[in-house]
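Read off the chains here:
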Amino acid sequence: MQLTTVYFIRHAESDYSVRDEVARPLTQKGLADCRFVTEFLSDKSINAVLSSPFRRAVDTVSDFAQRNKLKTEIIENFKEHKWGDEWLSQPDFFTLIERQWADFDYKLYGGESLSEVQIRNIAALRQALAKYNGKNIAIGTHATALSTIINYYDNTYGYKDFMAIVDLMPWAVKMSFDGENCREIEKINLFVKRKVFLKHV
C-alpha cells in the first residue's frame, strides 16, 4: 500500500488592516513565524508544494519551497471562504462563524456557505491526491478552508474545534491517504516542541 501524505499549513499571522482578501500580506510576526513552517517541513521529504492563491498562504510556504527548489503550485479552489460582500466587524464575524457551523448551508449575500467551501476544497484535494499519489505534499491553506476539509473526514470536528485554532497561526495538519481514503489525521501545534518517545521491542 502506497500512502500519500498531505501536510496542510494554515497561514501565519496576516495584516487585517488590509481588507483585500487576495492581497492581504503577513505581518512582521507572521513573516518571522514562517521559520516554524520551514523547520517543520524540512525532514518530511516533500515532493511538491501547493497553495491557495491568497498571498498570506503563498508567503507562508514560500520560504520552505524556495530553500528546497520547489515551485509553489497555485490551486484556485484551495482559497479561503468568502464571507460576503461587506467587511464584517469582529463581533459579526464570530456570530457568522457560529451560525455557519450550526448550518453548513447558511451564507450571507455574496458569500459562501461552509458546504460550498468544503465541496471545492475537497475537489481540489482529490485532484492533488490523484496527481501526487504516493508522494508527500505541502499545501498552504486557511483556517476555515482547512477546517471544512477536516470535517469532511471527521464529522465530529465542529465549531468548538474551529474556535480552538482560530488564533493559531501558522498551524499544521497531517493527513495520510490510501487513494482517496483518509487513514489518519494529526493536528500539530508548530509552536510546541514535541517529544518523541520510542518503544524498543
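Whatever comes next refers back to the structure up there.
Rules used throughout
Residues numbered from 1 in each chain as written. Predicted model: local features only at pLDDT ≥ 70, side-chain atom pairs only at ≥ 80, totals over all residues. Heavy atoms only, no water. Phe/Tyr/Trp six-rings, centres within 6.5 Å; stacked < 30°, edge-to-face > 60°. Helix = DSSP H or I, 4+ residues; strand = E, 2+ residues; numbered from the N terminus. Buried < 20%, exposed > 50% of the residue type's maximum accessible area, 1.4 Å probe, protein only. Salt bridge = Lys/Arg side-chain N within 4 Å of Asp/Glu carboxyl O. Axes fitted to C-alpha atoms, helices over the stretch in contact; angles between N-to-C directions. Parallel < 35°, antiparallel > 145°, perpendicular 65-115°, else oblique. Contact = heavy atoms within 4.5 Å. Nonpolar A, V, L, I, M, F, W, Y, C, P; charged D, E, K, R; others polar. Pairing = 2+ DSSP bridges. Core = buried A, V, L, I, M, F, W, Y, C linked by side-chain atoms within 4.5 Å.

## What about the packing of aromatic side chains?
Okay, step 1: By the definition in use, this model includes 9 aromatic pairs.
Okay, step 2: Ring geometry for tryptophan 83 against phenylalanine 93: centres 4.7 Å apart, planes inclined by 70°, an arrangement best described as edge-to-face. With tryptophan 83 in the loop between strand 3 (72-74) and helix 3 (90-102) and phenylalanine 93 in helix 3, this pair connects stretches of sequence that are 10 residues apart.
Okay, step 3: Considering the side-chain rings of tyrosine 152 and tyrosine 153, the 4.9 Å spacing of their centres and the 85° angle between planes classify their relative orientation as edge-to-face.
Okay, step 4: Since its relative accessible area comes to 37%, tyrosine 152 is described here as partly exposed.
Okay, step 5: A network of ring pairs unites the aromatic residues Trp101, Phe104, Tyr157 and Phe162 as a single cluster.

## Focus: the pattern of salt bridges
Okay, step 1: Counted according to the given criterion, the structure contains 13 salt bridges.
Okay, step 2: Note that aspartate 33 is salt-bridged to arginine 35, the shortest N-O span being 4.0 Å.
Okay, step 3: Given a relative accessible area of 7%, aspartate 33 falls into the buried group.
Okay, step 4: A salt bridge links glutamate 180 to arginine 126, with the nearest nitrogen and oxygen atoms 3.4 Å apart. Placement of glutamate 180 in the loop between strand 5 (171-178) and strand 6 (181-188) and of arginine 126 in helix 4 (residues 114-131) is noted, with a sequence separation of 54 residues between them.
Okay, step 5: Overlapping salt bridges, with partners in common, bring together Glu21, Arg24 and Arg56 in one network.

## Quick word on the packing of helix 4 against helix 5 (residues 143-153)
Okay, step 1: Axis separation between helix 4 and helix 5 bottoms out at 9 Å; the angle between their running directions is 80°. If you check the angle between helix 4 and helix 5, you find them roughly perpendicular. Every residue of helix 5 that contacts helix 4 at Leu114, Val117, Gln118, Asn121, Ile122, Leu125 and Arg126 is listed here: Thr144, Ala145, Thr148, Ile149, Asn151, Tyr152 and Tyr153.
Okay, step 2: Of the residues assigned to the contact of helix 4 with helix 5, the class counts are 8 nonpolar, 5 polar and 1 charged.

## Observations concerning the sheet that holds strand 6
Okay, step 1: Ordered by their spatial adjacency, 6 strands build an open sheet running 3-2-4-1-5-6, and the pairing between neighbours is mixed. One side of each edge strand has no neighbouring strand; the edge strands of this open sheet are strand 3 and strand 6. Across the sheet, the axes of successive neighbouring strands diverge by a mean angle of 25°, strand direction being ignored.
Okay, step 2: Inspection of the sheet shows strand 5 paired to strand 6 by 7 bridges, in the antiparallel sense. Its bridge partner being in strand 6, alanine 172 is matched across the sheet by isoleucine 188.
Okay, step 3: Running at roughly 35° to strand 5, helix 5 makes contact with strand 1 (4-10), strand 4 (136-141), strand 5 and strand 6 of the sheet.

## So, the nonpolar core
Okay, step 1: One finds Val6, Phe8, Leu50, Leu125, Ile139 and Trp171 to be the most contacted residues of the largest nonpolar core, which totals 33 residues.
Okay, step 2: Contributions of two or more residues to this core are made by strand 1, strand 2 (48-51), helix 3, helix 4, strand 4, helix 5, helix 6 (159-165) and strand 5.
Okay, step 3: Top element by residues in this core is helix 4. It accounts for 6 residues.
Okay, step 4: Residue contacts for isoleucine 139: discarding those within four places in its chain leaves Val6, Tyr7, Phe8, Ile9, Leu50, Phe78 and Leu125.
Okay, step 5: Ranked by size, the runner-up nonpolar core spans 15 residues in total, among them Tyr7, Phe36, Val37 and Phe40.

## Description of unusual backbone geometry
Okay, step 1: In the segment running from methionine 169 into proline 170, the intervening peptide bond is cis, with an omega of -5°.
Okay, step 2: With respect to the helices, strands and loops of the structure, proline 170 is situated in the loop between helix 6 and strand 5.
Okay, step 3: A positive phi angle is found at serine 45, which is not glycine, with a value near 50°.
Okay, step 4: Among the secondary structure elements, serine 45 is positioned in the loop between helix 1 (28-41) and strand 2.
Okay, step 5: Given a relative accessible area of 53%, serine 45 falls into the exposed group.
Okay, step 6: Even without a glycine there, the phi angle at lysine 69 is positive, about 55°.

Limitation: the analysis is restricted to geometry and does not speak to function.
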